[in-house]
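Each chain is listed here by its residues.
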Amino acid sequence: IHLVDGVYDKCCQGLSSVKITLGVSKVPESTIVAVMVHVSNVAEALAWYGLAVRSASRRQMRTPEFEVLQVGEIQLEFVPSDAKVSSGTAGSVVYWRFEDFEKALSHFLSVGAKLYRGPMQIEDGQSMCQLQDPWGNCIGLRGKSHVGLI
């Protein structure tokens, strides 16, 4: 089964294709609004990320009732890890852009993050790396490198 421009194209073992139009030609454009981080201790995560992400501000949500960190347009939402979703390095990595890569890396390391991958140089004079928070989740950093490869 293939999806091309809103049309499922299902080929049946050499028989002619069956096409079903879904009525939508493209996925509408959107932005990331929240990153959910699974941790063993939500209160400790709120405190640690509040220290690590200096531009974050705490925000109380009412439905359901919980607290998040607001970073620009993005909400960092901390939830307890469980049998379905544990904390750790097995999933997607969100990369945060910084004007000064080395300064951001130094700051995260100073508050207890551990280097997991990199750093490495990428396009346009930038560097990137992955760090681990105290719960083993990966945090990606990327930005302008002022000293080259570390």
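Structure first, text after, so check above.
These figures come from a predicted structure and were not determined experimentally.

A. Examining the sheet that holds strand S11 (residues 138-144) more closely. The strand order across the open sheet built from 4 strands is S8-S11-S10-S9, with neighbouring strands paired in mixed fashion. Of all the strands in the sheet, the pair left with one neighbour each is strand S8 (95-98) and strand S9 (114-122). Each strand axis lies, on average, 20° off the axis of its neighbour in the sheet, ignoring direction. Two elements, strand S10 (residues 126-132) and S11, share 7 bridges in a ladder whose sense is antiparallel. When the sheet's bridge partners are listed, Met-128 is paired in S11 with Arg-142. Along the sheet face, helix H2 (residues 101-110) touches S8, S9, S10 and S11 and points at about 150° away from the line of S11.

B. How the structure looks around the sheet that holds strand S7 (residues 74-80). The strand order across the open sheet built from 4 strands is S4-S7-S6-S5, with neighbouring strands paired in mixed fashion. Strands at the two margins of the open sheet, each flanked by one partner only, are strand S4 (34-39) and strand S5 (57-61). Across this sheet, the average inter-strand angle for adjacent strands is 35°, counted without regard to direction. Pairing geometry for strand S6 (residues 66-71) and S7, over 4 bridges, is antiparallel. Within S7, the residue paired with Val-68 across the bridge is Glu-77. In the packing of helix H1 (residues 42-52) onto the sheet, contacts are made with S4, S5, S6 and S7, and the angle to S7 comes to roughly 150°.

Cut-off values and rules
Residues numbered from 1 in each chain as written. Predicted model: local features only at pLDDT ≥ 70, side-chain atom pairs only at ≥ 80, totals over all residues. Heavy atoms only, no water. Pairing = 2+ DSSP bridges. Helix = DSSP H or I, 4+ residues; strand = E, 2+ residues; numbered from the N terminus. Axes fitted to C-alpha atoms, helices over the stretch in contact; angles between N-to-C directions. Contact = heavy atoms within 4.5 Å.

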